[in-house]
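The chain contents come next:
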Amino acid sequence: MMQAMPAECMSAMQQMMQGGMMHGATDAPKAAGMEAADGNAPEFTRDYVDAMDAMHGPMMEGVMADDPDTAFVRGMIPHHQGAIDMARIVQQHGDDPQTKAWAEQIIAAQEREIAEMEAWLKEKGSPEGIDFGQTGGTVWSADEGGSSISALDLGTGTVTTTPIPVAPHNVDLTSDGRFLLAVGTPASGDHGSEGHGHDGDAAGLLIMLDPQDLSKPAVTVEVGAHPAHIVADTQGRAYASLSGADEVAVVDLANASVVERIETGAYPHGMRLSPDGTELYVANVEDGSVSVIDTASLTEAARIPVGTTPVQVGFTPDGSRVYVSLRDENRVAVIDTATREVTDRIEVGPNPIQVIATPDGRQVYVANQGTEVAPNDTVSVIDTATGEVAKTLKTGLGAHGVSASANGAFVFVTNIADDSVSVIDVARQEVVGSVPVGDRPNGIVHGSSN
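Reference entry: report on the structure contained in this document. Everything numeric here is computed off the predicted structure, so don't read it as measured data.

## Side note on the pairing of strand 3 (residues 159-163)
Part 1 of the argument: Bridging between strand 2 (residues 148-153) and strand 3 involves five bridges; their strand directions are antiparallel. Bridge pairing in strand 3 links L152 to V159.
Part 2 of the argument: In this structure, the hairpin formed by strand 2 and strand 3 is closed by a connection of five residues, where G157 is found at a positive phi of approximately 75°.

Dropping the structure here:
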C-alpha cells in the first residue's frame, strides 16, 4: 500500500508514525490539523479524537513487551477497545442504518476477541510460566474475603490456598522464619455480599501459623478491635495496629500474649519498623498523621501531620526517609526521619494504599487501588533520586498490597478486585505475570525457603 503512495504522502505517514505513535500520539490532533479546530469541531469529532488518543498510548506500551506474541496481544487489546469506542460514538451521533449495523458487528466481534486475548494473557501469566530465576522462597497473600492464605511457591510455581481461623487483612513473617503471622476478625463462614468472610463485631485475633504447613493448628492471641496490620521485630515481638481502638498492641510471641498497648492517632492502619528496629511508624487514617513509636520504651515519641487519609508507610533501606500513601489525595508524602517533617508530596495514581521501597533504595512502589465502584489497576514507581513517578505499571484491578523479594528482583502486588497477585520484574520494569489466589487478597509478604 505504501509503495503505491505518492512520495509526499509516504513521507507524511512516516512522520505521523514516528512522531505521533512513538510519543503516545499526544500530538495526533495537531498532526490532523485539529489544533485550531478544537474549540469549533463537532462533538462527534472531538469524541473520535479522544478515543484515538486514549488508544495510542496503551498500544505503544503493549507492543514494547519482550515476547513478540505477548506484544501483539497487548497491543491489539487497546486497538480493539479503540474500535469499540469509535463504534459507540457513531451509534450515538450517526444516523445511517448501515454504519450503525457495522458498529454493532464491530462491538460484538471486538469484545469477543478482547475476552479471548485477556484469557490468553492470564493463562500465559500463570505461575508456571513466570521465570523467577534464582529468586526462591514463598509469597503469602492474606485473602480477607476467603478467610484464607494463599502461598505461591516460587520454586515450583504452584499456589496453595488454605482456610484459616480469621479473615486476614495483613500478614508478616518472623525474622527467623518460624511463624507466619496474620491478623483479622474471626472467620464467620458467611462471605456476604461484600465478600468479607469475617465477624466484624468480634474481638480481633493474631494467629501464629507454621509457614511450612498452614493447615496445622494455629496459636491464637486476642489483640483487640479491628486489627489491620501486623509487624514482627527481631526481639520475638509483634505489633498489631488496632483501628477500632486507636492503639497498637504489643505481643510477646513466645508467651502468645499482649504485653503492652500504645496509644496512637485515630484509626491506625498500615505500619512498618525502621531498618534498625528502633522505631515503628504507624499511619493514622482518620486524623491525617503518622505515629512514631519508640520500640525501647514502647511509647509514642512523636505524631507527624502528613495529609489526608494516610494508609501505609514504607522506609528506605537506610532509614532516612519514609513514604506515606495519602489515599484521598492521590499522593505520597515523604518524611525526613531526622527532622520528622514532610519534605515532599508526590502525585501518584487513584487512591494509593500500600507502598514499599526496593532493597537498593532506588525505587518506591505504590499500589493504586482506586475505589470499590471504580477499582484501579496500576502501580506507580517513584524514583527516589528525583522524587518523581518514573513509570506506571498495569497490574490487576484493585491493586492493594506490595512486597519485595529480599534480592530486589521482584515486587509482588495483590489485586483485591481481581483475586490475583501480579509479579513485577524490577530490572525490566514490567509485569511478567498474574497469579490467581484466594478471594480479595490484601496484605502480602515474601519469605525465604527456610
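## A word on the environment of P317
Part 1 of the argument: Topologically, P317 is positioned in the loop between strand 16 (310-315) and strand 17 (321-326).
Part 2 of the argument: Once the C-alpha coordinates of P317 and D360 are considered, the two residues, 43 residues apart in sequence, prove to be 7.0 Å apart.
Part 3 of the argument: The residues touching P317, leaving out its near neighbours within four places in the chain, are P275, A357, T358, P359, D360 and G361.

## Some thoughts on helix 4 (residues 68-93)
Part 1 of the argument: Helix length check: helix 4 (26 residues) gives 38 Å between terminal C-alpha atoms against 38 Å at 1.5 Å per residue, within 8%.
Part 2 of the argument: Listing the buried residues of helix 4 in full gives T70, A71, V73, G75, I77, P78, H80, G82, I84, A87, I89 and V90.

## Notes on empty space enclosed by the protein
Part 1 of the argument: In this structure the tally under the stated criterion is one cavity of 30 Å³ or more.
Part 2 of the argument: Reported here for the largest cavity is a volume of approximately 30 Å³.
Part 3 of the argument: Taken together, V139, S141, S150, L152, V421 and V437 make up the lining of the largest cavity.
Part 4 of the argument: Taken together, the elements giving at least two residues each to the lining of the largest cavity come down to strand 1 (138-143) and strand 2.
Part 5 of the argument: Partitioned by chemical class, the residues of the lining of the largest cavity number four nonpolar, two polar and no charged.

Each value, and the rule that gives it
Residues numbered from 1 in each chain as written. Predicted model: local features only at pLDDT ≥ 70, side-chain atom pairs only at ≥ 80, totals over all residues. Heavy atoms only, no water. Pairing = 2+ DSSP bridges. Helix = DSSP H or I, 4+ residues; strand = E, 2+ residues; numbered from the N terminus. Contact = heavy atoms within 4.5 Å. Expected span 1.5 Å × (residues − 1). Buried < 20%, exposed > 50% of the residue type's maximum accessible area, 1.4 Å probe, protein only. 1 Å grid on protein atoms, 1.4 Å probe; cavity = no way out; pocket = protein on both sides within 12 Å on 5 of 7 lines; lining within 4 Å. Points joined across faces, edges and corners; volume = space filled by probe spheres on them. Nonpolar A, V, L, I, M, F, W, Y, C, P; charged D, E, K, R; others polar.

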